[in-house]
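Observations on chain architecture
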Amino acid sequence: MFLTRGIYDIDELAHYNLHIHTNFSGCAKPEMSFENIVSAAKQAGLEMIALCDHIYKPEDLKEFNENCKILRKKRDELDSDIKILIGGEFSCYGTDKYTLKGLDFETEYRLYAQNHFHVKGWEQPDVITPENYKELTKAMLRNLLKDKAADTIAHPLNGKYLTKSTGWSNEAVGSCWTDNEIGDILTDAYNNECAFELNTGAVLADAPLARRMYNIGKEIGAVFTLGTDAHTLESVDPKRILDEVKRVLL
Ligand SMILES: [Zn+2]
Ligand SMILES: [Zn+2]
C-alpha cells in the first residue's frame, strides 16, 4: 500500500497529488512536460506527486515502458525536494483482465482504472443497466484486489464515464451501491493493501457517492489518496479545487 495509514484530513492529503498525466498521454495538454509539471508542483508546495499515464492492454507496455524510462531519467537527474513517483494509470478492463496480469513488470505506482467503460474493448454487462454496471464493477474489482495487483483504485465506483453513451446522470451507477456494499469493497481493498482515490473530478461528479465512500472508509480505517487527474498544468495544484471537494466530503 502506498500510504500505510488512513489520512482523513483533506488538507493533509492534498500535499500529495497522486494522479497526474504527462503529455505521453494523448488526452493531456502538450504543456504537460515533466519539467513544467515539476515546477507547477513546486509552486503548489506539493510534497509528493505520481505521474500516471494511461496504459491499457499488455501489448502497449513496451512503448509505455520506454516513456517511463525517459521520465525516470529526468527525475533521477533532478535535484528536487518533491518525491516523484513514475507509475501508470493501468486498466482493469474485464473480470480477471487487467494490464499487468501475470506479468513481472516493474513500476513505482500502480494506479488502476476499472470504470473506463467508454473505452473500446472494455467489458460491458450483458444487459445495459446501472445495477448491472455496479455488479460488473464488483466482480472486476474483486479479482484485481485478490491478486494484490493495485496500489490505488482511480475514481472508484464512479459512473461518470457512462453518461455519454447511456444518457444516464453522473449518479445513476453510484446510487445503486448500498452502504454495506461500499463497506465490503473498501474492506476488501484495505485487506489487500489497496487505497481508494479521492479523485477531485469524480468527487464533484457524484457527490453523494463520494461522501458515502469517504465516511464509510473513515469508519473502517480505509486508506485514501487524493488525485486531480491533471491533464493541464493549472490542475496540478489540488488546492485550486479543494474547497469544493471539502464541501462535498466534510
Ligand atoms: Zn481514469
Ligand atoms: Zn487519469
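All of the points below concern the structure found in this document. (Residues numbered from 1 in each chain as written. Chains lettered and ligands numbered in written order. Predicted model: local features only at pLDDT ≥ 70, side-chain atom pairs only at ≥ 80, totals over all residues.)

Digging into the pairing of strand S7 (residues 195–199)
Selection criterion: For the exposure call, what matters is how many other C-beta atoms sit within 10 Å of a residue's own: 20 or more marks it buried, 12 or fewer exposed, and in between partly exposed, using C-beta atoms placed from the backbone. Strands here are runs of E lasting at least two residues and helices are runs of H or I lasting at least four, both read from the DSSP assignment and numbered beginning at the N terminus. If DSSP finds at least two bridges between two strands, the strands pair.
Most of S7 sits out of view: 5 of its 5 residues are buried. Because side chains alternate across S7, one face comprises the buried residues Ala-195, Glu-197 and Asn-199, and the other comprises Phe-196 and Leu-198, equally buried. Where strand S6 (residues 152–153) and S7 come together, 2 bridges link them in parallel fashion. Bridge pairing in S7 places Thr-152 opposite Ala-195. Sheet topology places S7 next to strand S8 (residues 224–227); 4 bridges connect them, and they run parallel. When the bridges of S8 are listed, Leu-198 appears paired with Leu-226.

Some remarks on the pairing of strand S1 (residues 16–20)
In plain terms, the rule: When the strands point away from the viewer, a crossover counts as right-handed if the path from the first strand over the helix to the second runs clockwise.
Counting buried positions along S1 yields 5 of 5 residues, so the element is predominantly enclosed. Bridge count between S1 and strand S2 (residues 48–54): 3 bridges; the pairing is parallel. Bridge assignment links Tyr-16 to a residue of S2, and that residue is Met-48. Once the chain exits S1 it traverses helix H2 (residues 34–43) before rejoining the sheet at S2, and the crossover so formed is right-handed.

A look at the packing of helix H6 (residues 179–191) against helix H8 (residues 207–220)
Where we set the bar: Between N-to-C directions, angles cover 0 to 180 degrees, with each direction set by a line fitted to C-alpha atoms, over the stretch in contact for helices. We call two directions roughly parallel when the angle between them is under 35 degrees, roughly antiparallel when it is over 145, roughly perpendicular when it lies between 65 and 115, and oblique otherwise. By convention the crossing between two helices is left-handed if the near helix lies anticlockwise of the far one by an angle smaller than a right angle, and right-handed if it lies clockwise. Residue pairs qualify as contacts under a 7 Å threshold applied to their C-beta atoms, which are placed from the backbone. Classification convention: Asp, Glu, Lys, Arg as charged; Ala, Val, Leu, Ile, Met, Phe, Trp, Tyr, Cys, Pro as nonpolar; all other residues, Gly among them, as polar.
At their nearest, the axes of H6 and H8 sit 9 Å apart, and the two run at 55 degrees to each other. On the basis of their axis angle, the class for H6 and H8 is oblique. Considering only the axes of H6 and H8, their crossing is right-handed. Only Arg-212, Met-213, Ile-216, Gly-217 and Ile-220 of H8 make contact with H6, whose side of the interface consists of Asp-179, Ile-182, Gly-183, Leu-186, Thr-187 and Tyr-190. Split into classes, the residues belonging to the contact of H6 with H8 amount to 6 nonpolar, 3 polar and 2 charged.

Focus on H8
Quick note on the threshold: Expected helix span is given by 1.5 Å per residue-to-residue step, counting one fewer step than there are residues. Our arc is simply the arc of the directions from the helix axis toward the C-beta atoms.
The end-to-end C-alpha separation of H8 is 20 Å, in line with the 20 Å expected for 14 residues at 1.5 Å each. The complete set of buried residues in H8 reads Leu-209, Ala-210, Met-213, Tyr-214 and Gly-217. Buried residues of H8, viewed axially, fall in a sector of 130 degrees; they line one side. Residues of H8 that are buried make contact with H6, S7, helix H7 (200–205), S8 and helix H9 (239–249). In the segment just after H8, Gly-221 is the residue with positive phi, at about 80 degrees.

Some thoughts on helix H4 (residues 130–146)
The end-to-end C-alpha distance of H4, which contains 17 residues, comes to 24 Å, matching closely the 24 Å that a straight helix rising 1.5 Å per residue would cover. Within the span of H4, buried status applies to Pro-130, Tyr-133, Lys-134, Leu-136, Thr-137, Met-140, Leu-141, Leu-144 and Leu-145. Considered in projection along H4, the buried side chains sweep an arc of 165 degrees and stay on one side of the axis. Packed against the buried residues of H4 are strand S3 (83–94), strand S4 (97–98), strand S5 (110–113), S6 and H6. Lys-148 sits one or two positions beyond H4 and adopts a positive phi of about 50 degrees.

A look at the environment of Asp-184
Structurally, the position occupied by Asp-184 is in helix H6. Separated by 36 residues in the primary sequence, Asp-184 and Ile-220 place their C-alpha atoms 9.8 Å from one another.

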